[in-house]
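For reference, the chains in residue letters:
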Amino acid sequence: MRYNYFHGEKLSVLGFGCMRLPVLDNDQSKIDMPQVEEMFMYAYENGVNYYDTAYPYHNGFSEVALGEILAKNNIRDKVNIATKLFTLEIGRPGFDPEKMLATQLERLKTDHIDYYLIHGLHGDQWDRLKNEYNIIDFLNEKRRKGIIRHMGFSFHDSYEAFQKIIDDYSWEFAQIQYNYLDNEIQAGDRGLRYAQRRGIPLNIMEPIKGGNLIFPDYPAIDEIRAKHGITESNAELALRYVFDKENLHVVLSGMSALDQVKENIAIADRCSVGGLTEDEKACIDDIRAFLESVPTIPCTGCRYCVAGCPMQIHIPVAFSCYNGAVKFGNKVAQMRSYNRDCSNLADCVECRQCAEACPQHLDIPELLKEVRAYFEG
Ligand code: SF4
Ligand code: SF4
């Protein structure tokens with residue numbers, strides 16, 4: 001395993017993302033503990049020392065599983081635990097950072113968190129946390145007491161919000177969504193450069209875009225790869241793109257099976273900063289251009305259509321499943337989300353409230369029929 005150094009500590013360049021652990025009975029709360037233990041221990045024995053979980057992952061059971069397995073194998077002090085303050089609870093009755101952190105310590109069977117992040121932070125949430133919850137005093141106190149060893153935030157907002165948040169507190173690291181398709185959205189390349197100038201290392205999440213850049217059966221992508229003589233897997237190509245960048249702390253991969261753990265560890269060892277070849281760069285440029293040319297439903301996910309729907313149809317989710325399937329050539333993966341969240345498309349009564357609310361002027365009832373035909377036809 002390769003390592004980066006952070007405040008004199010060795011951190012594996014590959015981090016174990018604990019949000020897509022294998023489960024039993026298709027129930028996110030029922031983690032397959034023997035399988036996960038095998039995966040964590042293989043990762044640990046092969047040098048991975050950074051495990052990233054969060055308060056809501058697997059309905060809280062990701063933290064529980066990580067805590068139990070680290071304690072059982074007596075390796076808590078040999079690895080770094082990263083977990084997160086859940087921001088979607090902000091404003092809800094009972095939201096209490098103090099209580100949340102206490103629950104996390106209990107679930108993780110530890111008295112300190114090595115890397116604590118505010119989860120998926122947006123600019124407005126940061127303002128509310130500061131003004132309504134006095135979060136800076138809370139974080140400073142926990143850091144002083146050693147309960148939080150290093151403080152950061154994970155991020156899903158604009159570059160401008162990223163810049164504002166990063167300048168507003170003594171963060172030690174940040175975590176951004178980044179891959180070769182998402183290098184110009186959210187923090188993106190500009191965020192990478194800005195954090196580097198400020199001396200703040202970054203973690204990367206979604207380096208394979210939640211599995212979308214694997215392209216298991218996609219002849220058009222195969223042709224592009226062949227043109228550039230690319231022989232490694234699509235997953236490796238995507239990981240090589242992020243490992244190529246400077247100022248990275250840890251690249252997180254949400255792993256669901258032992259084979260993925262083995263493959264990612266091997267890839268991490270083969271990659272290096274500045275290691276992307278000219279052929280690989282050209283191939284990635286062509287894949288990006290091709291994917292951008294695939295026609296999709298131009299839904300921005302603004303959700304203006306949702307509140308007025310009398311049948312409570314998850315319109316943007318249905319469009320997102322369809323777009324993901326046609327763009328990334330992976331209908332099977334999107335079918336899972338579609339079946340889970342979009343089982344009531346047939347209930348549409350064509351009242352057109354959604355279409356009137358849509359700033360993109362989409363003919364939503366007709367498009368929903370197309371989506372339904374695609375997945376159910
Ligand atoms: S047209 Fe269909 S999807 Fe749109 S608001 Fe009416 S019932 Fe909901
Ligand atoms: S209002 Fe239109 S653009 Fe916004 S989420 Fe709904 S369908 Fe998408």
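Draft legend 1. Structural context of the overall build of the chain. Secondary structure summary: the chain contains 15 helices and 10 strands in total. A globule of 377 residues ought to have a C-alpha radius of gyration of about 21 Å, and the chain, at 21 Å, matches this closely. Along the first, second and third principal axes, the C-alpha atoms of the chain reach 60 × 55 × 45 Å. Per-residue burial over the chain gives 37% buried out of 377 residues.

Draft legend 2. Spatial organisation of the site of ligand 2. Near ligand 2 you find 15 residues, and of these Cys 299, Cys 302, Cys 305, Pro 316 and Cys 358 are the closest. In terms of residues, the shell around ligand 2 owes the most to one element, helix α12 (residues 315-328), which gives three residues.

Draft legend 3. A look at the environment of Ile 297. Structurally, Ile 297 can be placed in the loop between α11 (278-293) and α12. Ile 297 gets classed as partly exposed once you count the C-beta atoms within 10 Å, which come to 18. Separated by 202 residues in sequence, Ile 297 and Phe 95 have C-alpha atoms that sit 37 Å apart. Setting aside chain neighbours within four positions, we find Ile 297 in contact with Phe 319, Tyr 322, Asn 323, Leu 362 and Leu 367.

Draft legend 4. Structural detail: the sheet that holds strand β5 (residues 80-85). Reading around the circumference, β3-β4-β5-β6-β7-β8-β9-β10 is the order of the eight strands in this closed barrel, with parallel pairing throughout. Strand-to-strand twist of the sheet, defined as the mean angle between neighbouring strand axes without regard to direction, takes the value 30°.

Draft legend 5. Local environment of the nonpolar core. Within the largest apolar cluster, 80 residues are counted, with the highest numbers of intra-cluster contacts made by Phe 16, Leu 66, Ala 174, Leu 202, Ile 204 and Val 251. With residues near it in sequence (within four places) discarded, Ala 174 still touches Gly 152, Phe 153, Phe 155, Ile 166, Ala 195, Ile 200 and Leu 202.

Draft legend 6. Quick peek at the packing of α12 against helix α13 (residues 331-341). Relative to each other, α12 and α13 sit at 170°, their axes nearing to 8 Å. Of the possible angle classes, the one that applies to α12 and α13 is roughly antiparallel. Only Lys 331, Gln 334, Ser 337, Tyr 338 and Asp 341 of α13 make contact with α12, whose side of the interface consists of Val 317, Cys 321, Gly 324 and Ala 325. By residue class, the composition of the contact of α12 with α13 is four nonpolar, three polar and two charged.

Draft legend 7. Region of interest: unusual backbone geometry. For Asn 59, which is not a glycine, the phi torsion comes out positive at approximately 55°. Topologically, Asn 59 is positioned in the loop between β4 (50-52) and α2 (61-72). The class for Asn 59 is partly exposed, based on 13 C-beta atoms found within 10 Å. Positive phi values are uncommon outside glycine, yet Glu 206 reaches one of about 55°. By the element assignment, Glu 206 lies in the loop between β9 (202-205) and α8 (219-227).

Draft legend 8. How the structure looks around the packing of α12 against helix α15 (residues 364-376). Across the interface, α12 lies against α15 with an axial gap of 10 Å and an inter-helix angle of 45°. With respect to their mutual orientation, α12 and α15 come out oblique. The interaxial crossing formed by α12 with α15 has left-handed handedness. Of α15, the residues touching α12 (which contributes Ile 315, Ala 318, Phe 319 and Tyr 322) are Ile 364, Leu 368, Val 371 and Tyr 374. Classifying every residue of the contact of α12 with α15 by side-chain character gives eight nonpolar, no polar and no charged.

Draft legend 9. Structural context of the site of ligand 1. Taken together, 16 residues are adjacent to ligand 1, and Cys 309, Cys 348, Cys 351, Gln 353 and Cys 354 come closest. Going through the elements one at a time, α14 (353-357) and α15 are the ones with two or more residues in the shell around ligand 1. At three residues, α15 tops the list of elements feeding residues into the shell around ligand 1. Taken together, the residues of the shell around ligand 1 break down into 12 nonpolar, two polar and two charged.

Draft legend 10. Summary view of the pairing of β5. By the criterion of burial, β5 is predominantly enclosed, with six of the six residues buried. As paired elements, β4 and β5 share three bridges and run parallel to each other. Across the sheet, Tyr 51 pairs through a bridge with Ile 81, a residue of β5. Between the parallel pair β4 and β5, the chain is carried across by α2, and the sense of this crossover is right-handed. With four bridges joining them, β5 and strand β6 (residues 113-121) adopt parallel strand pairing.

Basis of the calculations
Residues numbered from 1 in each chain as written. Chains lettered and ligands numbered in written order. Predicted model: local features only at pLDDT ≥ 70, side-chain atom pairs only at ≥ 80, totals over all residues. Helix = DSSP H or I, 4+ residues; strand = E, 2+ residues; numbered from the N terminus. Rg over C-alpha atoms; globule rule 2.2 N^0.38 Å. Buried ≥ 20, exposed ≤ 12 C-beta atoms within 10 Å, placed from the backbone. Near = placed C-beta within 6 Å. Contact = placed C-beta atoms within 7 Å. Pairing = 2+ DSSP bridges. Axes fitted to C-alpha atoms, helices over the stretch in contact; angles between N-to-C directions. Core = buried A, V, L, I, M, F, W, Y, C linked by C-beta atoms within 7 Å. Parallel < 35°, antiparallel > 145°, perpendicular 65-115°, else oblique. Nonpolar A, V, L, I, M, F, W, Y, C, P; charged D, E, K, R; others polar. Left-handed = near helix turned anticlockwise from the far one by under 90°. Right-handed = clockwise from strand over helix to strand, strands pointing away.

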